[in-house]
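As a plain string of letters, each chain reads:
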Amino acid sequence: LIELAGIFSNWFSSSRLWLVKNSPEPKSYTYSDYYNQAGTMTTITTDLISADGLYYVNGDFEIDNQAVPNDYDDLTFNQIVFINGNLLISDNIEIDPSSTALFIVNGKVDIAKSVENVHVGIFAEGNIHTAYDISEGEATKTIFFKGVYSADEFVFERTLQGTGNQNDPSDDFTFEPKYLIQLRDYFGENHIIWKS
């Protein structure tokens, strides 16, 4: 298999004649693009809701132990939360394996050094900082991300204790394709073709 970029060259061959041309760069979406595609939203101010739907926060929002309902990791739901500001994650956030929760943030995302689990999707217009409050030389534990993530830049600030950096990642990402399937109805028409 040969991948080609730029102009074709004639000095190589593939035994199966498989040539892959570069695909066009995918469209980059902004907070406004997603917001304009979404439907009717319910405004929230301080607490998340454990139910299906589109939600909107006008301003900065903090995910802490008071903002997350006790049943948030037990109930099954698909939701998108638009945050027209910055997102601060100061406590672990987890959802049921069958659920999806996507946070689309107009600003930056700051994650506290004490947080170990971020099991929701995050699209940020600004940067995602994985330990915004860490001091120079300070050690932390691994942070585990499970979902889908997009940001202007990912700022990896964590350092593990002792020799932990030799064998373990300080930032562990698991991509969950369920977000592509379960949230497709919130953003208008999508065309999916399944082949086996």
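Structure: see above.
Residues numbered from 1 in each chain as written. Predicted model: local features only at pLDDT ≥ 70, side-chain atom pairs only at ≥ 80, totals over all residues. Heavy atoms only, no water.

Q: Account for the overall build of the protein, with residues named and values stated.
A: The secondary structure content of the protein amounts to 3 helices and 16 strands. Burial analysis of the protein (196 residues in total) assigns 41% to the buried set. Across the protein, the fraction of contacts at a sequence separation of at least 24, relative to all contacts at a separation of at least 6, is 53%. Accessible surface for the protein amounts to roughly 12,000 Å². Of this, 47% is attributable to carbon and sulfur atoms. (Helix = DSSP H or I, 4+ residues; strand = E, 2+ residues; numbered from the N terminus. Buried < 20%, exposed > 50% of the residue type's maximum accessible area, 1.4 Å probe, protein only. Contact = heavy atoms within 4.5 Å. Areas by Shrake-Rupley, 256 points an atom, 1.4 Å probe, with all protein chains shown as cover.)

Q: Give me the lowdown on the sheet that holds strand S16 (residues 171–175), citing residues and values where you can.
A: Taken in spatial order, the 3 strands of this open sheet run S10-S13-S16, and their pairing is parallel. Whereas interior strands pair on both sides, the edge strands pair on one side only; in this sheet they are strand S10 (117–118) and S16. Relative to strand S13 (residues 143–147), S10 is paired through 2 bridges, and the arrangement is parallel. Paired with Asn117 across the strands is Phe144, a residue of S13. (Pairing = 2+ DSSP bridges.)

Q: Got a sec to walk through the pattern of salt bridges? Specific residues and values, please.
A: If the charged atoms of two oppositely charged side chains come close together, the side chains can form a pair. One pass over the full model with this rule turns up 4 salt bridges. The shortest N-O distance in the salt bridge between Lys141 and Glu116 comes to 4.0 Å. A residue pair is termed long-range when its members are at least 10 positions apart, and Lys141 in the loop between strand S12 (128–129) and S13 and Glu116 in the loop between strand S9 (109–111) and S10 qualify at 25 residues. Given the relative accessible area of 29%, Glu116 is considered partly exposed. Glu176 serves as the salt-bridge partner of Lys178, at 3.7 Å between the closest nitrogen and oxygen. When sorted by exposure, Lys178 lands in the same class as Glu176, which is buried. (Salt bridge = Lys/Arg side-chain N within 4 Å of Asp/Glu carboxyl O.)

Q: So what's going on with a nonpolar patch on the surface? Residues and values would help.
A: A contiguous nonpolar surface patch, about 280 Å² in accessible area, is contributed by Phe154, Phe156 and Phe173. Mapped onto the fold, Phe154 is located in strand S15 (residues 154–155). Judged by relative accessible area, which is 30%, Phe154 ranks as partly exposed. (Patch = residues over 30% accessible without salt bridge, like charges linked within 9 Å, V, L, I, M, F, W, Y side chains within 5 Å.)

Q: Quick rundown of the nonpolar core? Include the residues and the values.
A: With 47 residues, the main nonpolar core has Phe82, Phe103, Val118 and Ile122 as its most contacted residues. Sorting elements by how many residues they give to this core places strand S8 (residues 100–105) first, with 5 residues. Residues in contact with Phe103, not counting those within four places in the same chain, are Leu48, Ile63, Tyr72, Val81, Ile83, Leu87, Ile93, Val120, Gly121, Ile122 and Phe123. (Core = buried A, V, L, I, M, F, W, Y, C linked by side-chain atoms within 4.5 Å.)

Q: Before we move on, could you go through the environment of Ala101 and cite the residues and values that matter?
A: Structurally, Ala101 is set in strand S8. Take Ala101: its relative accessible area is 0%, and that puts it in the buried class. Placed 20 residues apart in sequence, Ala101 and Gly121 show a C-alpha to C-alpha distance of 6.1 Å.

Q: Tell me about the sheet that holds strand S7 (residues 87–89), and name the residues and values.
A: Each strand in a sheet pairs with another by means of backbone hydrogen bonds, the pair being arranged parallel or else antiparallel. The sheet built from 5 strands is open, its strands ordered S5-S7-S9-S12-S15 with parallel pairing. The outermost strands of the open sheet, each flanked by one partner alone, are strand S5 (61–63) and S15. Pairing between S5 and S7: 3 bridges, direction parallel. When the bridges of S7 are listed, Ile63 appears paired with Ile89.

Q: Residues and numbers for the pairing of strand S6 (residues 78–83), please.
A: Counting buried positions along S6 yields 6 of 6 residues, so the element is predominantly enclosed. Side chains Asn78, Ile80 and Phe82 of S6 all project onto a buried face; the interleaved residues Gln79, Val81 and Ile83 project onto the opposite face, where all are buried too. Direction of pairing for strand S4 (residues 53–57) relative to S6: parallel, over a ladder of 5 bridges. Counterpart to Tyr55 in the pairing with S6 is Val81.

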